[in-house]
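Below, each chain spelled out in residue letters.
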Amino acid sequence: MNLGFNLKQCFKMYIQNVHLPFMYKLACSKNELSKDKIVFADMHTDGIPQSMQAVYKELKRRGYRPKVMCKDTAKMGPVGFLRFMNLFMNEYASAGTVVISTYFLPVSSAKKRRETKVVQLWHSGGLLKKMGYDTGDDIPRNYRGKVAANYDLVTVSAPICEKVWESALHLEDGSAKAMGISRTDIYFDENWNQRNKDIFFSLVPEAKGKKVVLYAPSFSGNAAMPKCFGLEMMTDKQLSKILGDDYYVIFRPHPLMQKKYPEYFNGKLERFTTSRLLSLTDLLITDYSSILFDYSIYRKPFVLFCPDFEEYKKNRGFYADPDKFPCFLTKNMDQLVDAVHKECHNNSSDNGFTRKRKEELEEFYNKYMGACDGHSTHRVVDYIVDHIESL
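Because the structure is a prediction, the values reported are computed rather than measured.

K.L.:
Sorry if this is basic, but what is going on with the environment of S275 here?
P.N.:
Topologically, S275 is positioned in helix α8 (residues 274-277). Among the residues examined, S275 registers a relative accessible area of 8% and is labelled buried. Once you skip the residues sitting within four places of it in the chain, S275 turns out to touch Q50, Y187 and W192. Side chain to side chain, S275 and T273 meet in a polar contact 3.1 Å long.

Pasting the structure below:
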């Protein structure tokens with residue numbers, strides 16, 4: 001861990017543990033709570049993240065006017081960062097509801113008003129790699145504070161996730177609820193799915209009639225220094241050549257890998273998000289990414305490619321055993337190519353393997369994503385509205 005990173009962490013801890021609690025207390029003394037005030041907050045994007053957009057739109061449709069405080073603070077200097085934090089604490093002090101979708105430390109920096117609800121629409125579903133306090137990759141060992149303090153509701157994708165999340169984030173009992181992941185509602189929109197297919201094949205006509213294979217890996221290590229062993233072993237052109245002319249291969253690494261692998265974030269599909277690719281993908285290849293749980297909604301086959309599996313298992317660990325997932329778990333290129341051919345061939349033929357795999361994929365979806373049924377957004381918004389009306 002370099003000196004610059006440690007200094008930055010110390011600065012953030014001072015802001016969170018000393019400065020922001022003072023600013024919140026000061027703001028509470030000057031502002032009364034406004035029960036209708038709903039604040040959407042994020043410090044990783046300029047604009048509302050995809051994970052919160054459906055809830056935001058539904059609240060507006062119901063007549064509410066949420067306030068948006070979403071900025072990519074990594075682009076800010078210390079002064080700009082501090083100004084944004086101060087502005088948020090001022091709004092937080094009078095908000096009836098705050099909505100976030102990833103770690104947002106300001107909401108956890110001070111003991112909030114009892115009447116204010118914090119809703120965490122976490123951006124990923126399912127249950128695989130360890131997270132939160134269960135791993136050192138998520139929360140630095142020198143961090144002081146509770147990253148998930150003040151969370152009243154954390155939406156998860158299935159009942160099996162509830163207790164794991166409460167333990168991993170040190171949440172209050174009952175705060176993680178299987179309401180589903182709001183952003184997955186769009187996957188159930190057949191018109192949206194068809195538009196994505198039409199646009200994709202108009203942009204990439206050479207993919208027509210071929211098996212579309214999407215390689216969407218996550219990363220190892222922490223977000224500050226991400227790495228991907230699978231990407232180091234091959235390129236999209238290399239995999240396309242090995243698989244042959246019957247396949248069209250798309251590489252889509254985790255967004256945090258953009259600086260390291262910029263070649264995979266431009267070209268004809270630059271603005272075609274990974275989520276839009278899922279409905280037209282015939283086979284997904286991934287590693288430890290939660291994208292496989294999104295993909296399970298379509299009940300289509302996937303393959304795990306994990307060259308560093310043993311190391312990852314030892315260093316980070318899993319909540320669920322990938323060996324028991326309905327897929328091939330591969331660790332080298334020969335195994336990967338063989339698995340892709342087998343899954344694509346079997347999926348296109350009517351045999352016992354195919355019928356068994358379909359049943360396994362249905363069971364997998366129900367176990368890990370069963371609360372994602374196309375109506376998650378309405379359940380979350382109903383929770384927020386019920387809270388507002390109770391004040």
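K.L.:
What is the right way to look at unusual backbone geometry in this model?
P.N.:
Backbone phi values are negative for most residues with the exception of glycine, while trans is the configuration of most peptide bonds. Notably, N150 is not glycine yet its phi reads approximately 80°, a positive angle. For N150, the location among the structural elements is in the loop between β4 (117-120) and β5 (153-155). The backbone of R299 sits at a positive phi, close to 55°, despite the residue not being glycine. Tracing the chain through its elements places R299 in the loop between α9 (291-296) and β10 (302-305).

K.L.:
So what exactly am I meant to see when it comes to the pairing of strand β3 (residues 95-100) here?
P.N.:
Successive residues of a regular strand alternate their side chains across the two faces of the sheet. With six of its six residues buried, β3 lies for the most part within the structure. Bridge count between strand β1 (residues 34-42) and β3: four bridges; the pairing is parallel. What sits directly across from F40, in β3, is V99.

K.L.:
Could you clarify how one ought to interpret the side chain of N193 in this entry?
P.N.:
Note that N193 resides in helix α5 (residues 190-203). The exposure class of N193 is buried, given its relative accessible area of 3%. At 3.0 Å, the side chain of N193 forms a polar contact with the backbone oxygen of Y187. For N193, the residues in contact, after removing those within four places along its chain, are Y187, S279 and Y298.

K.L.:
Could you clarify how one ought to interpret the nonpolar core in this entry?
P.N.:
Within soluble globular proteins, side chains that are nonpolar tend to cluster in buried spots. Formed by 80 residues in total, the largest nonpolar core has its most connected members in F88, W165, F200, F302 and F325. If you tally residues by element for this core, the top one is helix α3 (residues 78-92), at six residues. Discounting chain neighbours no more than four positions away, the residues touching F200 are A207, V212, Y248, I250, L269, F272, L277 and L280. F251, Y264, M333 and L336 belong to the second largest nonpolar core, which has 25 residues in total.

The rules behind each value
- Residues numbered from 1 in each chain as written.
- Predicted model: local features only at pLDDT ≥ 70, side-chain atom pairs only at ≥ 80, totals over all residues.
- Heavy atoms only, no water.
- Helix = DSSP H or I, 4+ residues; strand = E, 2+ residues; numbered from the N terminus.
- Buried < 20%, exposed > 50% of the residue type's maximum accessible area, 1.4 Å probe, protein only.
- Contact = heavy atoms within 4.5 Å.
- Polar contact = N/O pair within 3.5 Å; in protein donor to acceptor, adjacent residues only side chain to side chain.
- Pairing = 2+ DSSP bridges.
- Core = buried A, V, L, I, M, F, W, Y, C linked by side-chain atoms within 4.5 Å.

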